[in-house]
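# Tertiary structure, described
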Amino acid sequence: FRHFKLDQKVETHYDERREKLQRTKPYPDPGRPLKETEWLNSDRIDRESLQPSTKWVEAGSGSVGKLHVELIRCDNLQAKSLLDSNDTFACIIHEDAVVNTDVLRSCNSPRWMPWCRRAFSFNVGHPSSKLYIGIFHFNSKISPLQQGKKVTT
């Protein structure tokens, strides 16, 4: 099991072919060698994010059925300021359950990877219950809990 700091700065670098690479967020795939997923180009980030989720979180107390939700990406979120970017996470509410994705630091177009916290299986109590999804900016100075300022809904 590898530990990664949550406060890592946004990093980019270039490979031997002078292709721009970005550090994978929120962390590289812990089930593969580090070099395979630590640095990826934007096309590969998009392809990897579309792979099936490997980690599902079960939530809720209903017994009527299941609702499976995967949050994969957001595009062009409004930055909190002109010189900054968002530390983005999603909050999903269904009936008696509230779940959060991993926080993706410094990211206005986040891609949640299949190995991170992005996939949720809700136990449904009523077939016409509403599902709410909010995208937020994480502010660790407010609280260690994921309290945030709404970016968009």
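What this report covers is the structure whose coordinates are included nearby.

Thresholds, definitions, all that
Along each chain, numbering runs from 1 in the same order as the chain's sequence is written. Totals for whole chains, interfaces and linings use every residue, but because this is a predicted model, local features are given only for residues with pLDDT of at least 70 and side-chain atom pairs only at 80 or more, for both listing and counting. Calculation of side-chain values draws on the structure's entire complement of heavy atoms; hydrogens and water are dropped beforehand. Helix and strand labels come from DSSP, where a helix needs a run of H or I of at least four residues and a strand needs a run of E of at least two; each type is numbered from the N terminus. Relative accessibility under 20% of the residue-type maximum defines a buried residue, over 50% an exposed one, and the middle range a partly exposed one, all with a 1.4 Å probe and only protein chains included. Pairs of residues are marked as contacts when any of their non-hydrogen atoms sit within 4.5 Å. To be clear on the numbers: accessible area is Shrake-Rupley with a 1.4 Å probe, and residue cover counts the displayed protein chains and nothing else. By salt bridge we mean one thing: a side-chain nitrogen of Lys or Arg within 4 Å of a carboxyl oxygen of Asp or Glu. The directions from the helix axis to the C-beta atoms form the arc being described. Among buried residues, the Ala, Val, Leu, Ile, Met, Phe, Trp, Tyr and Cys ones that are joined through side-chain atoms within 4.5 Å form a nonpolar core. A pair of aromatic rings is counted whenever rings of Phe, Tyr or Trp (Trp by its six-membered ring) have centres within 6.5 Å, and the orientation is called stacked for planes under 30 degrees apart, edge-to-face for over 60 and tilted otherwise.

### A closer look at the overall build of the protein
- Broken down by element type, the protein carries 2 helices and 10 strands.
- Reading the secondary structure of the protein in the N-to-C direction produces β-β-α-β-α-β-β-β-β-β-β-β.
- Across the 153 residues in the protein, those meeting the buried criterion constitute 40%.
- Pairs at least 24 apart in sequence give 61% of the contacts found in the protein among residues at least 6 apart.
- Taken as a whole, the protein presents about 9600 Å² of accessible surface, with 51% of it coming from carbon and sulfur.

### Topic: the pattern of salt bridges
- According to the stated counting rule, one finds 12 salt bridges in the structure shown.
- A salt bridge links Arg 17 to Glu 19; the shortest N-O distance between them is 3.2 Å.
- When its relative accessible area of 28% is taken as the criterion, Glu 19 is described as partly exposed.
- As a salt-bridge pair, Glu 48 and Arg 32 come within 3.1 Å of each other at their nearest N and O atoms. Highlighted residues: Glu 48 in helix α2 (residues 42-49) and Arg 32 in the loop between β2 (20-23) and α1 (34-37), separated in sequence by 16 residues.
- You can call Glu 48 buried: its relative accessible area is 9%.
- Look at the salt bridges and you will find they share partners, linking Asp 29, Arg 32, Glu 36, Arg 44 and Glu 48 into a network.

### A short note on the environment of Val 64
- Here Val 64 shows up in the loop between β4 (56-59) and β5 (65-70).
- Separated by 62 residues in the primary sequence, Val 64 and His 126 have C-alpha atoms spaced 6.6 Å apart.
- If we ignore the near neighbours within four places in the chain, the residues touching Val 64 are Val 124, Gly 125, His 126 and Pro 127.

### Observations concerning α2
- For α2, the complete set of buried residues consists of Ile 45, Glu 48 and Ser 49. Seen from one end, α2 has its buried residues packed into an arc of 95 degrees, which puts them on one side. Away from its buried face, by an angle of more than 90 degrees, α2 presents the exposed residues Asp 43 and Arg 47.
- Where α2 is buried, its residues touch β2 and β3 (39-40).

### What to know about the nonpolar core
- Core analysis: the largest hydrophobic core is formed by 14 residues, its most contacted members being Leu 71, Cys 74, Trp 112 and Ile 135.
- Core analysis: the next-biggest nonpolar cluster, separate from the first, contains 8 residues, Ala 59, Ala 97, Phe 120 and Phe 122 among them.

### A look at the packing of aromatic side chains
- All chains considered together, the criterion is met by 3 aromatic pairs.
- Between the aromatic rings of Phe 89 and Phe 138, the centroid separation amounts to 6.3 Å while the plane-to-plane angle is 80 degrees, which identifies the pairing as edge-to-face. Of the two residues, Phe 89 sits in strand β6 (residues 88-94) while Phe 138 sits in strand β9 (residues 131-138), which places them 49 residues apart along the sequence.
- We classify Phe 89 as buried; its relative accessible area is 2%.
- Grouping aromatic residues by their ring pairs yields a cluster made of Phe 89, Phe 136 and Phe 138.

In short, shape yes, function no, at least from these values alone.
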